[in-house]
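# Examination of the molecular architecture
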Amino acid sequence: MTRTHEQLGQVLSDFEAEAVPHLNDLFRASARLLVDQTRASDAVQETYLVAWQTFDLYQRGTNCRAWLFGILFNVIRHEKRRWLKWLTGADENFAETQLVAPQPVPDNLTDREILAALDQLPVQFRAVLLLVDVEEFTYQEASEILRVPIGTVMSRVSRARKVLRVQLAHVARAYGVSTVAPLRKDSL
């Protein structure tokens, strides 16, 4: 269907109002997942290209941010599959990557080191943590974005938080936060 200049202007205006405000959120998540500013920028550009091309499929009044994150995760999945195929000549399942053991963390952490601890998580754990804890999507929304069951999202969030708690325990102590659960009176 060919659009008139006026119709195209309205679609562009709607796209700018609905999609563009989420650019920084998408880039932040992409950079944390890909751990490379250039690849993150490329993924976000590809996300917006796909979003623009399919904007007529977007249902106005729904959660545009979640829709864009769904596109971003598809772009990243596609890119990782293509990259792995190029490296190994085989197609592997990234969703089944094993959780790595926590690495020792230095005594005095900066924000950069905290982000590095997050970056050490396997991508599927980092992804759910970013969606739920950083971007504040519900478990259901994260499930839909990632196309995995909600129980998988909940399990991955729990496991990722546990690893980060272990890795960053001394940071909490430095801020005066106890890393040991206090005893409850009824347990004595």
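Below or above, wherever it landed, is the structure these notes cover. Fair warning: this is a prediction, and the values are worked out from it, not measured in the lab.

### What about the pattern of salt bridges?
Counting across every chain of the model gives 7 salt bridges. With its nearest N and O atoms 2.8 Å apart, the salt bridge here joins Asp25 to Arg28. Placement of both Asp25 and Arg28 in helix H2 (residues 23–34) is noted, with a separation of 3 residues, approximately one turn of the helix. For Asp25, a relative accessible area of 19% translates into the label buried. A relative accessible area of 36% places Arg28 in the partly exposed class. For Arg28, the salt bridge is made with Glu135, and the minimal N-O distance between the two is 2.9 Å. You can see Arg28 sitting in helix H2 and its partner Glu135 sitting in the loop between helix H6 (123–134) and helix H7 (139–146), a full 107 residues away along the chain. With a relative accessible area of 5%, Glu135 lands in the buried category.

### Some remarks on the nonpolar core
Counting residues in each nonpolar core, the largest one holds 44 residues, and the members touching the most others are Phe69, Leu72, Phe73, Leu121 and Leu131. Sorting the residues of this core by element identifies helix H1 (5–18), H2, helix H3 (37–53), helix H4 (64–88), helix H5 (111–119), H6, H7 and helix H8 (150–167) as the ones contributing at least two each. Ranked by residues supplied to this core, first place goes to H4 with 9 residues. Not counting chain neighbours up to four residues away, the residues in contact with Leu72 comprise Leu26, Ala29, Ser30, Ala43, Val44 and Thr47.

### Structural notes on a nonpolar patch on the surface
Together, Leu8, Leu12 and Trp52 line one region of the surface with nonpolar side chains, adding up to about 240 Å² of accessible area. Here Leu12 shows up in helix H1. Among the residues examined, Leu12 registers a relative accessible area of 39% and is labelled partly exposed.

### Re the packing of aromatic side chains
If you walk through the whole model with that rule in mind, you get 7 aromatic pairs. Between the aromatic rings of Phe55 and Tyr58, the centroid separation amounts to 5.6 Å while the plane-to-plane angle is 20°, which identifies the pairing as stacked. Ring geometry for Phe69 versus Phe137: centroids 5.0 Å apart, planes at 70°, classification edge-to-face. Note that Phe69 is positioned in helix H4 and Phe137 in the loop between H6 and H7, a separation of 68 residues in sequence. According to the relative accessible area criterion, Phe69 is buried, its value standing at 0%. For Phe137, a relative accessible area of 3% gives the class buried.

Cut-off values and rules
Residues numbered from 1 in each chain as written. Predicted model: local features only at pLDDT ≥ 70, side-chain atom pairs only at ≥ 80, totals over all residues. Heavy atoms only, no water. Salt bridge = Lys/Arg side-chain N within 4 Å of Asp/Glu carboxyl O. Helix = DSSP H or I, 4+ residues; strand = E, 2+ residues; numbered from the N terminus. Buried < 20%, exposed > 50% of the residue type's maximum accessible area, 1.4 Å probe, protein only. Core = buried A, V, L, I, M, F, W, Y, C linked by side-chain atoms within 4.5 Å. Contact = heavy atoms within 4.5 Å. Patch = residues over 30% accessible without salt bridge, like charges linked within 9 Å, V, L, I, M, F, W, Y side chains within 5 Å. Areas by Shrake-Rupley, 256 points an atom, 1.4 Å probe, with all protein chains shown as cover. Phe/Tyr/Trp six-rings, centres within 6.5 Å; stacked < 30°, edge-to-face > 60°.

That is the geometry; function is a separate question.
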